[in-house]
Amino acid sequence: MEHLDNVLGVVRRNPQAILYVLILVLMWTWESIAPFFRSSAQRARHGVRNLVIALFNGIVLGTIFAGITGQVAEFSATQRIGLLHVFSLPSAVHAVAAFMMFDCWIYLWHRINHTVPFFWRFHRMHHSDNEMDTTSAARFHVGEIAFSMILRLPIIMLIGIPLWVLLVYDTALLASTQFHHANIALTAKLDRLLRFVVVSPFVHKVHHSRMQPETDNHSP
């Protein structure tokens, strides 16, 4: 019973990490059963390498920025700082607007990583993965993640995004990123339908093309 309580405590403290693992297992299994491209013999080694990068980034940057990000979001909420606090919006409208505005920032940040040579030096590590699968979603240079975490702090204040909305957004981004990097085969009809909601794996493969004009199409 004590062991179960300890496990539940870990889950409560790290819901995003648990979700990441669950989706990773699901996507990895799906890739094994119905891959878009035939997996190489080095698939396991490739996956472990990418996950080690993710673990390093999570430990180093999570330790530094997790508390700061929460404090900034809470300060923005209590002091009513940010564009959305200018208006007396219902809570639900405020949350949806904050989610969408922050998503616009993430899209802009992605474009910056492709168009500004300094930032591309870091982001190209993500695009250097020659065997894209669900673990590729975790392959980012620690410098890119650090800049992202630093720049999001003033954006949180500018928008006035509540902490819980930020957590929901990060969770949704985590799940969708793992999905659209996955090496899974979908029917053409299903892929077209998914494009109305998220970036599909097929479309995102174009973004990881070795042809620069296709890479710079800027799908998320």
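Whatever comes next refers back to the structure up there.
Residues numbered from 1 in each chain as written. Predicted model: local features only at pLDDT ≥ 70, side-chain atom pairs only at ≥ 80, totals over all residues. Heavy atoms only, no water.

**Describing unusual backbone geometry**
Argument step 1. Residues other than glycine seldom take positive phi values, yet R80 does so here, at roughly 55°.
Argument step 2. Within the secondary structure, R80 sits in the loop between α3 (43–78) and α4 (91–115). (Helix = DSSP H or I, 4+ residues; strand = E, 2+ residues; numbered from the N terminus.)

**Things to note about the packing of α4 against helix α7 (residues 163–181)**
Argument step 1. Direction vectors running N to C along α4 and α7 enclose 50°, while the axes themselves pass 10 Å from each other. Taken together, α4 and α7 sit at an angle that is classed as oblique. α4 and α7 meet at a crossing whose hand is right-handed. Contacts between α4 and α7 pair A95, A98, F99, F102, D103 and I106 from the former with W164, V165, L166, V168, Y169 and A172 from the latter. (Axes fitted to C-alpha atoms, helices over the stretch in contact; angles between N-to-C directions. Parallel < 35°, antiparallel > 145°, perpendicular 65-115°, else oblique. Left-handed = near helix turned anticlockwise from the far one by under 90°. Contact = heavy atoms within 4.5 Å.)

**Re a nonpolar patch on the surface**
Argument step 1. Together, V86, F87, L89 and V93 give the surface a local cluster of nonpolar side chains, amounting to about 370 Å² of exposed area.
Argument step 2. Among the structural elements, V93 can be located in helix α4. (Patch = residues over 30% accessible without salt bridge, like charges linked within 9 Å, V, L, I, M, F, W, Y side chains within 5 Å. Areas by Shrake-Rupley, 256 points an atom, 1.4 Å probe, with all protein chains shown as cover. Salt bridge = Lys/Arg side-chain N within 4 Å of Asp/Glu carboxyl O.)

**Regarding the nonpolar core**
Argument step 1. Ranked by internal contacts, the top residues of the largest apolar core, which has 19 residues, are A98, F102, W105, I156, I159 and I161.
Argument step 2. Elements supplying a minimum of two residues to this core: α3, α4, α6 (142–159) and α7.
Argument step 3. Top element by residues in this core is α4. It accounts for seven residues.
Argument step 4. Grouped together as the second largest cluster of nonpolar side chains are six residues, I23, M27, A182 and L186 included. (Core = buried A, V, L, I, M, F, W, Y, C linked by side-chain atoms within 4.5 Å. Buried < 20%, exposed > 50% of the residue type's maximum accessible area, 1.4 Å probe, protein only.)

**Comments concerning α6**
Argument step 1. With 18 residues, α6 should reach 26 Å at 1.5 Å per residue; the first-to-last C-alpha distance of 26 Å fits that figure.
Argument step 2. In α6, a bend of some 25° at R152 exceeds every other bend along the element, and P154, a proline, comes one to four places later.
Argument step 3. Turning to α6, its buried residues number three or more, namely G143, E144, A146, S148, M149, R152, L153, I155, I156 and I159.
Argument step 4. Contact partners of the buried residues in α6: α3, α4, α5 (117–127) and α7.
Argument step 5. G160 occupies a position one or two residues after α6 and carries a positive phi of about 85°. (Expected span 1.5 Å × (residues − 1). Bend = angle between axes of the 7 residues up to and from the residue.)

**Things to note about the environment of Y169**
Argument step 1. Tracing the chain through its elements places Y169 in helix α7.
Argument step 2. Between the alpha carbons of Y169 and D103 there is a distance of 8.0 Å; along the sequence they are 66 residues apart.
Argument step 3. Leave out the neighbours within four places in its chain, and Y169 touches F99, F102, D103 and I106.

**Description of the packing of α3 against α6**
Argument step 1. Look at α3 against α6: their axes get within 9 Å of each other, and the N-to-C directions meet at 5°. Between α3 and α6, the angle falls in the class roughly parallel. Where α3 abuts α6, its residues F56, N57, L61, F65, I68, T69, V72, A73, F75 and S76 lie against V142, I145, A146, M149, I150, R152, L153, I156 and M157.
Argument step 2. Classifying every residue of the contact of α3 with α6 by side-chain character gives 15 nonpolar, three polar and one charged. (Nonpolar A, V, L, I, M, F, W, Y, C, P; charged D, E, K, R; others polar.)

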